[in-house]
Amino acid sequence: MMTRLKTSLLAFALLVAGAGFAAAQEADQPKPPRQEWSFHGVFGRFDQAQLQRGFQVYREVCSNCHRLSIAFRTLEDPDGPGYSEAQVKTLAASYQVTNDEPNDQGKIFQRPGTPADVFPPPEAFPNDQAAAAALGKAPPDMWLLAKSRKYERGFPWFIFDIFTDYQEIGSDYIYAILTGYTHKDDPQWNLYYPGHKIAMPAPLQDGAVKYTDGTPGTVQNYAKDVAAFLSWAAEPTMVERKKIGFRAIVFLIVLSVLMYLVKRRIWADAH
Amino acid sequence: MRTSMAVAPPTAKWDARPRQRSRLLGKAARSTRERTGVHLSHAETIQPSRRDFLFLATGAVAAVGAASVVWPLIDQMNPDAGTLALSSIEVDLSPIAEGQIVTVKWRGGPVFVRHRTKKEIETAEATPLSELKDPQTDQERVQKPEWLIVVGVCTHLGCVPLGHEGQYEGWKCPCHGSVYDTSGRIRQGPAPLNLAVPEYKFLTPTRVKIG
Amino acid sequence: MDGHSTYVPKSGFARWLESRLPILGLAHSSFVSYPTPRNLNYFWTFGAILSVMLAVQIITGVILAMHYVPDSKLAFDSIEHIMRDVNYGWLIRYLHTNGASFFFLAVYLHIFRGIYYGSYKAPREVLWILGMIIYVLMMATAFMGYVLPWGQMSFAGATVITNLFTAIPLVGTGIAHWLWGGYAVGDPTLNRFFALHYLLPFMIVGVVVLHVWALHVVGQNNPDGVDVKDVKRDTVPFTPYATVKDMFVVCVFFVIYAWFVFFIPNYLLDADNYNPANPLVTPAHIVPEWYLLPFYAILRAIPNKLIGVLALAAAIGLLVLLPWLDTSPVRSGKYRPMFRFFFWLFVICCVGLGYLGSQEVSASATLVARILTLGYFGFLLVVLPVLGLVEKTRPVPTSIADAVLPKGAAAAE
């Protein structure tokens, strides 16, 4: 018993120390607040209308500087933006993509895109070096942005996250950055970016994108929609994963219960 | 011995099959179900039918689980989404001159698109079926007589035949000498079948979708 | 394996096979009629869990290898190809990455069980050493596997760990260049890590076979640390008793595993590894996978590069010598109250070191890490040898049956 008491005291002391340490850091570098996402949780699903609006924001604003290395055909994903085959074909054809092979004269040429092609890089920046030369720092490819960005959750939140199924750190981060340009006089000062000096100047303004479904064109809405779209782009199989996962876990729980009963039955004569 | 059990009971201690330490829980559960008759003493006399049902239910549930686990492991080898996206191509026919054969890449292999001349069409249509190893009329093999679209893979062992070769002015395969006519039908040599005709559709008179 | 075989082939085929290769009899005596102590608790099921996880890793790994490309320009994209385009590729990839973590979770519980109950003591020293060899092979495999996605953390991890070899005087840099196949981590490194990552698990399988063989020669330890005296009273046949218990625990383990794979698949991964590797920019915060964190913390706690590397090696090496470091004649921690106290302190050291390994370097963190490192080595080098000589132990039961069965039933059995 004494052993248990001593070890509990030690653990408690460490807990208090850790929490105090974390609190001191919070004030000057706030963490991105948690947002509500339709795709959070065991039954989370993407909101198709939101993803389509987000794609519109990407196309009209972000794609001028950022790549998105996903194939056009993925936009037909019924768990995602859910565009029709015809819409995607038209969209793809509106882009010029570089052909894999040179033509019969040996020249590399461009042609209209097909659904099987990947979004080409921004016209002005065919590669990272060109982008860095023009902008100072190459804007990252957005296809995995929602999975490659995070902030320190700290103790004990990272323990709770296991049980609350918090997987939207990247989505919250993107939303926070896009809405974090709080110093109007300095377009490169960002509340949530570590160190506050961000290479990307504020990209969104109210009214910059005209939504067609009646949603108000505010920076908050643009940020929310494009963050949701990028969350889908980073993990298009998320919905399938959650659907299968629910069934798998229910199944395994049922099987565990059955196995436990079998075990009890078999061990009945051994005790 | 244990006649109350749902499956054929083991007749002696040795009959238990070796336990498989695999993630296929179904198999292991089933073999346990078969084996448990050997060691139960008290439990068996209490309620044999309830015990059997429990083992049967568990085994069935485990088997379903095993099957659902196995399917993704097999399906992953099927063509992936990227390959399926390239499973059909569109070909612009307008630059292909009369008499010309163009080779396009479809599903990883060659397809011959041949703009046939009147003479080639007449010769193909006039061939008697008795002369053919794999009898097919020319009309069966084309949608529009001036356009012959065939898979450019010899039906013998898979080489790519050369166009405008052989005495029928069709194709000749350099590997073992198979000769095809202007309808892509096998006329001489070891190949057993005519060149395959892929699924295709004319989107417009000058644009065809293959596959 | 050694006289327990009650196997008599009945069918013609079985007789034919058995007289040419007695594999059916071997399987029967090893996993069916094999006498298992009847007092084993659930901590003894981790061997089965580990075997299942090894199979899961090999199967998912071989499948991933069908789609992965070990080239520095293509590796990162090939993983995304698996995640997005390959049928169920996302499932197989997440099973494999989380499977590695669960493999280590199980192995740590398995190892700590061994330490607590004295499973490393005579006559199981070789069993213990084989287990440590498996553990080291696992760490090497996992380390190389983490490099393969060629993300920022893959590259940084590869660079830091292979640079440890430069600590060796005279030949260190040469060895590092030999490992890299160049002057830094690059394409040749990636390719050879892939080849070795594919190979090592099969070597693990081989050592596991030896491990189980060594186990079956001496028999399982048990929570009371008492030897089997009477096979009929003290043991039960492995099948169906242990088999069904193992299968139950595997199902429960899979529930937790499935929670991670399907609902928090990226929880144990570092987000920075979703950025492609850039040899010119090191990530701000380099962290190895969680199961390597305690050793990482020990390495960082020591200011001298060479001694830090030696401490890292010693942390594992001393574990191998555990059978000889512990002097107590009593096997199981259940009957050694003082040992139990220090055991839990040791566990706290390990967990604490693991947590510190994930944190950024700071003065206070380094201080605590040093204290915990002293605790870790102190347990192995001071506590264990001394305790066996001075501690007061509780009386050990005379047999397993006496420990487990009610007093009256023991005579009746």
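Residues numbered from 1 in each chain as written. Chains lettered and ligands numbered in written order. Predicted model: local features only at pLDDT ≥ 70, side-chain atom pairs only at ≥ 80, totals over all residues.

1. Focus on the overall build of chain C
The helix and strand inventory of chain C stands at 18 helices and 2 strands. Computed over its C-alpha atoms, the radius of gyration of chain C comes to 24 Å, within 12% of the 22 Å expected for a compact globule of 413 residues. Within chain C, buried positions represent 46% of all 413 residues. A separation of at least 24 residues holds for 77% of the contacts in chain C among residues at least 6 apart in sequence. (Helix = DSSP H or I, 4+ residues; strand = E, 2+ residues; numbered from the N terminus. Rg over C-alpha atoms; globule rule 2.2 N^0.38 Å. Buried ≥ 20, exposed ≤ 12 C-beta atoms within 10 Å, placed from the backbone. Contact = placed C-beta atoms within 7 Å.)

2. Description of the overall build of chain B
When helices and strands are counted, chain B shows 6 helices and 10 strands. Taking all 211 residues of chain B together, the buried fraction comes to 29%. Contacts spanning at least 24 positions in sequence make up 53% of the contacts within chain B whose residues lie at least 6 apart.

3. Digging into the domain arrangement of chain C
In terms of domains, chain C is made up of domain 1 (1–33) and domain 2 (42–210 + 240–288). Distance between the C-alpha centres of domain 1 of chain C and domain 2 of chain C: 36 Å. (Domains from an automatic or database assignment.)

4. Considerations on the interface of chain C and chain A
Opposite the 30 residues of chain C that make contact, chain A presents 33 residues. Elements represented by at least two residues in the side of chain C that touches chain A include exactly α4 (75–84), α11 (238–263) and α15 (337–358) of chain C. Per-element accounting of the side of chain C that touches chain A gives the leading share, 14 residues, to α11 of chain C. Class assignment of the residues belonging to the side of chain C that touches chain A gives a composition of 23 nonpolar, 2 polar and 5 charged. (Nonpolar A, V, L, I, M, F, W, Y, C, P; charged D, E, K, R; others polar.)

5. Quick word on the pairing of strand β9 (residues 200–204) of chain B
All names here are of chain B. With 0 of 5 residues buried, β9 is to be regarded as a mostly surface element. Here β9 runs beside strand β10 (residues 207–210); their pairing, made up of 4 bridges, is antiparallel. Bridge pairing links Lys 201 to Lys 209 in β10. (Pairing = 2+ DSSP bridges.)

6. Section: the nonpolar core
Of all hydrophobic cores here, the largest spans 87 residues; its most connected members are Ile 49, Met 53, Phe 103, Ala 106, Val 250, Cys 251 and Ala 258 of chain C. Beyond its immediate chain neighbours, meaning those up to four positions away, Phe 103 of chain C contacts Met 53, Gln 57 and Met 138 of chain C. Membership of the second largest hydrophobic core comes to 47 residues, among which are Leu 144, Leu 178, Tyr 181 and Ala 202 of chain A. (Core = buried A, V, L, I, M, F, W, Y, C linked by C-beta atoms within 7 Å.)

7. Here we look at the interface of chain A and chain B
Contact residues are listed per partner, giving 15 residues for chain A and 15 residues for chain B. Broken down by class, the residue content of the side of chain A that touches chain B amounts to 12 nonpolar, no polar and 3 charged.

8. A few points about the confidence of the model for chain C
Residues and elements named next belong to chain C. On average, residues of chain C score 92 in pLDDT, and 97% of them reach the 70 mark or higher. In this model, residues 408–413 is a region of pLDDT below 50 whose contacts with residues beyond four sequence positions or in other chains number 6 contacts. Scoring of the predicted complex yields 0.87 for pTM and 0.90 for ipTM. (pLDDT = per-residue confidence, 0-100.)

9. Re unusual backbone geometry
The residue after Phe 155 of chain A, namely Pro 156 of chain A, is reached through a cis peptide bond having omega 0°. Assignment of secondary structure puts Pro 156 of chain A in the loop between α5 (145–148) and α6 (157–164). Of note, the amide linkage connecting Thr 239 of chain C to Pro 240 of chain C takes the cis form, showing an omega dihedral of 10°. One can find Pro 240 of chain C in helix α11. Unusually for a residue other than glycine, His 196 of chain A sits at a positive phi of about 70°. The exposure class of His 196 of chain A is partly exposed, given the 16 C-beta atoms found within 10 Å.

10. A look at α11 of chain C
The terminal C-alpha atoms of α11 of chain C, which comprises 26 residues, lie 35 Å apart, in line with the 38 Å expected from a rise of 1.5 Å per residue. Taken across its 26 residues, α11 of chain C has 22 buried, putting it largely inside the fold. (Expected span 1.5 Å × (residues − 1).)

11. Here's the deal with the packing of helix α6 (residues 125–147) of chain C against helix α9 (residues 187–218) of chain C
All names here are of chain C. Axis separation between α6 and α9 bottoms out at 8 Å; the angle between their running directions is 160°. As far as their axial angle goes, α9 and α6 are roughly antiparallel. Regarding α6 and α9, the two cross each other, and that crossing is left-handed. Of the residues assigned to the contact of α6 with α9, the class counts are 23 nonpolar, 5 polar and no charged. (Axes fitted to C-alpha atoms, helices over the stretch in contact; angles between N-to-C directions. Parallel < 35°, antiparallel > 145°, perpendicular 65-115°, else oblique. Left-handed = near helix turned anticlockwise from the far one by under 90°.)

12. Regarding the environment of Asn 191 of chain C
Here Asn 191 of chain C is to be found in helix α9. When the C-alpha atoms of Asn 191 of chain C and Pro 70 of chain C are compared, they prove to be 5.5 Å apart, with 121 residues separating the residues in sequence.

13. As for the packing of helix α12 (residues 293–301) of chain C against helix α16 (residues 363–390) of chain C
All names here are of chain C. Taken N-terminus to C-terminus, the directions of α12 and α16 make an angle of 110°; their axes are 9 Å apart at the nearest point. As the angle between them shows, α12 and α16 are arranged roughly perpendicular. Between α12 and α16, the contacting residues are Ala 297, Ile 298, Arg 300 and Ala 301 on the first element and Thr 366, Ala 369, Arg 370 and Thr 373 on the second. Per-class residue counts for the contact of α12 with α16 are 4 nonpolar, 2 polar and 2 charged.

14. As for the sheet that holds strand β6 (residues 171–172) of chain B
Ordered in space as β5-β6-β7-β8 (chain B), the 4 strands form an open sheet in which the pairing is antiparallel. The sheet is open, and its two edges are formed by β5 (162–163) and β8 (186–188) of chain B, each paired on a single side.

15. Re the sheet that holds β9 of chain B
Strand pairing in a sheet relies on backbone hydrogen bonds, with the paired strands running either antiparallel or parallel. Residue and element names in this part refer to chain B. With antiparallel pairing, the 3 strands of this open sheet are ordered in space as β1-β10-β9. The sheet is open, and its two borders are formed by β1 (89–92) and β9, each paired with just one other strand. Neighbour to neighbour, the strand axes of the sheet diverge by 30° on average, direction disregarded. Bridge count for β1 against β10 is 4 bridges, and the pairing is antiparallel. What sits directly across from Asp 92, in β10, is Arg 207.

16. What to know about the environment of Asn 222 of chain C
Residues and elements named next belong to chain C. Secondary-structure assignment places Asn 222 in the loop between α9 and α10 (231–234). Residues Asn 222 and Ile 400, 178 residues apart in the sequence, show an inter-C-alpha distance of 8.3 Å. Excluding residues that lie within four positions of it along the chain, Asn 222 makes contacts with Pro 37, Asn 39, Leu 40 and Ile 400.

17. Overview of helix α7 (residues 169–178) of chain A
Residue and element names in this part refer to chain A. For α7, a buried count of 10 out of 10 residues is recorded, marking the element as mostly surrounded by other parts of the structure. Regarding α7, the residues found buried are Ile 169, Gly 170, Ser 171, Asp 172, Tyr 173, Ile 174, Tyr 175, Ala 176, Ile 177 and Leu 178. Against the buried residues of α7 lie α5 and α8 (219–234).

18. Things to note about the environment of Val 262 of chain A
Mapped onto the secondary structure, Val 262 of chain A falls in helix α9 (residues 238–267). Residue classification places Val 262 of chain A among the buried residues on the basis of 26 C-beta atoms within 10 Å. Spatially, the C-alpha atom of Val 262 of chain A lies 52 Å from that of Glu 85 of chain A, the residues being 177 residues apart in sequence. Those residues in contact with Val 262 of chain A that sit more than four places away from it in its chain are Leu 54, Phe 55 and Thr 58 of chain B together with Val 244 of chain C.

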